[in-house]
Amino acid sequence: MKFLVCKDYAAMSEWAAQVVKEIVNNKPTAVLGLATGSTPVGMYNRLVEMNKAGEIDFSKVTTFNLDEYYPIDPANDQSYRYFMYQNLHGHINILPENVHVPCGNCEDPDAEGKKYDRMIEEAGGLDFQFLGSGVNGHIGFNEPDAELVAGTHKTALTENTIEVNSRFFEKIEDVPRFAITMGMAPILKAKKIIILINGENKVPILDALASGKITTQIPATMLQMHNDVTVVTDEATAAKMHESF
Ligand code: F6R
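Throughout what follows, the structure given in this document is the object of discussion.

**Considering the nonpolar core**
Phase 1: Counting residues in each nonpolar core, the largest one holds 57 residues, and the members touching the most others are L32, L47 and I195.
Phase 2: Per element, the largest residue contribution to this core is seven residues, and it comes from helix 1 (residues 9–26).
Phase 3: The contacts of I195, once residues within four sequence positions are left out, are L131, G132, S133, I139, A220, L223, V229, T230, V231 and V232.
Phase 4: Ranked by size, the runner-up nonpolar core spans nine residues in total, among them Y80, F141, L157 and F169.

**Considering helix 3 (residues 80–87)**
Phase 1: Taken together, the buried positions of helix 3 are occupied by Y80, F83, M84 and N87. Viewed along the axis of helix 3, the buried residues span an arc of 95 degrees, placing them on a single side of the element.
Phase 2: Turning to helix 3, the residues buried within the fold contact strand 2 (31–34), helix 2 (41–52), strand 3 (62–65), strand 4 (67–70) and helix 5 (159–165).

**What about the side chain of N51?**
Phase 1: Tracing the backbone through its elements, the reader meets N51 in helix 2.
Phase 2: Taking relative accessible area as the criterion, N51 reaches 13% and is therefore assigned buried.
Phase 3: Here I56 takes part through its backbone oxygen, which lies 2.7 Å from a polar atom of the side chain of N51.

**Comments concerning the side chain of T63**
Phase 1: On the secondary structure map, T63 appears in strand 3.
Phase 2: Those residues in contact with T63 that sit more than four places away from it in its chain are L32, L34, H89, I94, N98, V99 and H100.

**Focus: the pairing of strand 2**
Phase 1: The two faces of strand 2 match: V31 and G33 on one face and L32 and L34 on the other face are all buried.
Phase 2: Read as a crossover between parallel neighbours, the route from strand 2 over helix 2 to strand 3 is right-handed.
Phase 3: Two strands pair when backbone bridges link them, and strand 2 and strand 6 (residues 128–132) are joined in this way by two bridges, in the parallel orientation. Paired with L32 across the two strands is F128, which belongs to strand 6.

**Overview of the site of the ligand**
Phase 1: In the neighbourhood of the ligand, 14 residues make up the surrounding shell, with T39, D67, H138, G140 and K202 lying closest.
Phase 2: Contact between the ligand and D67: an oxygen atom at 2.5 Å from a side-chain N or O atom of the residue.
Phase 3: The fraction of the free accessible surface of the ligand (410 Å²) that becomes covered by protein chains is 93%.
Phase 4: With respect to the pocket detection grid, the ligand is positioned in the largest pocket.
Phase 5: Per-class residue counts for the shell around the ligand are two nonpolar, nine polar and three charged.

**Examining the packing of aromatic side chains**
Phase 1: Considering all chains together, one arrives at six aromatic pairs under this definition.
Phase 2: Ring centres of Y69 and F141 lie 6.2 Å apart, and the angle between their planes is 25 degrees; this geometry places the pair in the stacked category. One end of the pair, Y69, is in strand 4; the other, F141, is in the loop between strand 6 and strand 7 (153–156), and 72 residues separate them in sequence. Residues Y69 and F141 agree in their burial class; the two are buried.
Phase 3: Note on Y69 and F169: the rings are 5.9 Å apart at their centroids and 70 degrees apart in plane angle, and the pair reads as edge-to-face. A residue pair is termed long-range when its members are at least 10 positions apart, and Y69 in strand 4 and F169 in the loop between helix 5 and strand 8 (178–181) qualify at 100 residues. Pair check on accessibility: Y69 and F169 agree, each one buried.
Phase 4: Among the aromatic residues, those joined into a cluster by ring pairs are Y69, Y80, F141 and F169.
Phase 5: Between K154 and the ring centre of F178, over which it is positioned, the NZ or CZ distance is 4.5 Å.

Cut-offs applied
- Residues numbered from 1 in each chain as written.
- Predicted model: local features only at pLDDT ≥ 70, side-chain atom pairs only at ≥ 80, totals over all residues.
- Heavy atoms only, no water.
- Core = buried A, V, L, I, M, F, W, Y, C linked by side-chain atoms within 4.5 Å.
- Buried < 20%, exposed > 50% of the residue type's maximum accessible area, 1.4 Å probe, protein only.
- Helix = DSSP H or I, 4+ residues; strand = E, 2+ residues; numbered from the N terminus.
- Contact = heavy atoms within 4.5 Å.
- Arc of directions from axis to C-beta.
- Polar contact = N/O pair within 3.5 Å; in protein donor to acceptor, adjacent residues only side chain to side chain.
- Right-handed = clockwise from strand over helix to strand, strands pointing away.
- Pairing = 2+ DSSP bridges.
- Near = heavy atom within 4 Å.
- Areas by Shrake-Rupley, 256 points an atom, 1.4 Å probe, with all protein chains shown as cover.
- 1 Å grid on protein atoms, 1.4 Å probe; cavity = no way out; pocket = protein on both sides within 12 Å on 5 of 7 lines; lining within 4 Å.
- Sits in = over half its atoms within 2 Å of the grid points.
- Nonpolar A, V, L, I, M, F, W, Y, C, P; charged D, E, K, R; others polar.
- Phe/Tyr/Trp six-rings, centres within 6.5 Å; stacked < 30°, edge-to-face > 60°.
- Lys NZ or Arg CZ within 6 Å of the ring centre and 35° of its normal.

So, in C-alpha cells, the structure goes:
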C-alpha cells in the first residue's frame, strides 16, 4: 500500500484524473470501476474537461459503478445512476451501453448481483477501481461487520451511513435503507486501486490504514492485501493523523 499526500483536494483530484488518463491512453478499451459521493466529483470534473480538450477518449471505455441504492428508480434524481450521468457520463463520449450501475429497481437483487459480477468478468475484469471511504471505513457499501461478502449483493446500510448520506436528501427518512454493492472480490481483483480519503472525520480510517492492521470492522483495511493500492489524502488531513505513513 502506497500513501500520497497532495496539497489539497484539487491536487488530489488532479492526480487521480491523471492516473485515469494514463490508464485509458495506454488501453483505450479500459474497464473502470467508479464511485459516487463527494470524493470523486473533483476528479470527474477534470475528466470532463480533459475529454472536451481531446486529452482522453472514452469511446471504447467501459465503466462499472460500485453501488446503487435499493430500491430506487434509476431515473430518480437521488439514484447513483442519475448522479453519474450528472457528474460524468452525461458529459463525456462514452457509449451508453458501456455504462453499468447496479439496477436499483430489479426484482431479484441476488440475481442482479450475480449478473453484475458476470458482466465484470466478461468485460475482462476491472483495470482500475476508484474508491472513497465512508467515515466508518466502508468501501462501496461493504459496511463494517464480522463478515464481509465476496460477490455483489444487496446489503443493509448502517445507521451511520444513512445519517452521513442524509446530507443529500431533504430528510433522513428519505434515505434508502438498502443498497446493491459490489462485494469485496471484484474490488480486490481490480488491477489497480486508488482510494481518496480526506477530511477530519476520516482521520481514523487513515490511521487504521497506516497501522498496517486488517479488520473486517474497517473494510478499507482489506486493501492491505492488494498489491497496487495508493491511498491519497491532503496535507490538512495528514496533519491530523496520529499514525504516520
Ligand atoms: C459511493 C461509495 C461509498 C463512498 C463513501 C464516501 O459509490 O461506494 O463507499 O465512496 O461513502 O463518500 P463521500 O465521498 O461522499 O465521503
